[in-house]
Amino acid sequence: MGFSIALIVFSLLLMLLVLMHKGKGGGLSDMFGGGMQSSVGGSSVAERNLDRITVVVGLLWIACIVVLALLMKLDN
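Just so it is clear, the structure is predicted and the values come from calculations on it, not from any experiment. (Residues numbered from 1 in each chain as written. Predicted model: local features only at pLDDT ≥ 70, side-chain atom pairs only at ≥ 80, totals over all residues. Heavy atoms only, no water.)

Visitor: Residues and numbers for the overall build of the protein, please.
Guide: Helices and strands together make up the secondary structure of the protein, namely 3 helices and 0 strands. Along the protein, helices and strands appear, N-terminal first, in the series α-α-α. For the protein, the proportion of its 76 residues judged to be buried stands at 16%. Restricting the contact set of the protein to residue pairs at least 6 apart, pairs at least 24 apart contribute 77%. (Helix = DSSP H or I, 4+ residues; strand = E, 2+ residues; numbered from the N terminus. Buried < 20%, exposed > 50% of the residue type's maximum accessible area, 1.4 Å probe, protein only. Contact = heavy atoms within 4.5 Å.)

Visitor: Explain the nonpolar core residue by residue, including any values.
Guide: One finds Leu7, Phe10, Leu14, Leu17, Leu50, Val57, Cys64 and Leu68 forming the largest nonpolar core, which totals 8 residues. Mapped by element, the contributors of at least two residues to this core are helix 1 (2-20) and helix 3 (43-75). (Core = buried A, V, L, I, M, F, W, Y, C linked by side-chain atoms within 4.5 Å.)

Visitor: Could you give an account of the environment of leucine 71, with specific residues and numbers?
Guide: In this fold, leucine 71 is placed in helix 3. Along the chain, leucine 71 and phenylalanine 3 lie 68 residues apart, while their C-alpha atoms are 9.7 Å from each other.

Visitor: Describe the side chain of threonine 54, and please don't skip the residues or the numbers.
Guide: Inspection of the secondary structure puts threonine 54 in helix 3. Exposure remark for threonine 54: the relative accessible area of 13% places this residue in the buried category. The residues contacting threonine 54, other than those within four sequence positions of it, are Leu14, Leu17, Val18 and His21.

Visitor: Pulling in residues and values, what's your account of a nonpolar patch on the surface?
Guide: A cluster of nonpolar side chains, contributed by Val55, Leu59, Ile62, Val66 and Leu70, occupies part of the molecular surface with about 460 Å² of accessible area. Relative to the helices and strands, leucine 59 resides in helix 3. Residue class for leucine 59 comes out exposed when judged on its relative accessible area of 54%. (Patch = residues over 30% accessible without salt bridge, like charges linked within 9 Å, V, L, I, M, F, W, Y side chains within 5 Å. Areas by Shrake-Rupley, 256 points an atom, 1.4 Å probe, with all protein chains shown as cover. Salt bridge = Lys/Arg side-chain N within 4 Å of Asp/Glu carboxyl O.)

Visitor: Account for helix 1, with residues named and values stated.
Guide: Helix length check: helix 1 (19 residues) gives 27 Å between terminal C-alpha atoms against 27 Å at 1.5 Å per residue, within 8%. Of all the positions in helix 1, only Leu7, Phe10, Leu14 and Leu17 are classed as buried. For helix 1, the buried positions fall inside an angular range of 100° around the axis, keeping them on one side. Opposite the packed face of helix 1, turned more than 90 degrees from it, sit the exposed residues Ile8 and Leu12. (Expected span 1.5 Å × (residues − 1). Arc of directions from axis to C-beta.)

Okay, structure coming up:
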């Protein structure tokens, strides 16, 4: 039960993080103002950190799927 809840939380968090990424044009992030250039000097550091967080959450999401699959296999 706990891994199912964790999978739902990681899924929602992963969707949010992907939508926060800077768009390359024509995507959802342009719809919400992500395509506008900002004059903030530290934006590259923020983008790198966002990339790292997205990768970590993605790996945790995959790990939850694997654990749930193993638990389902052991129940049968």
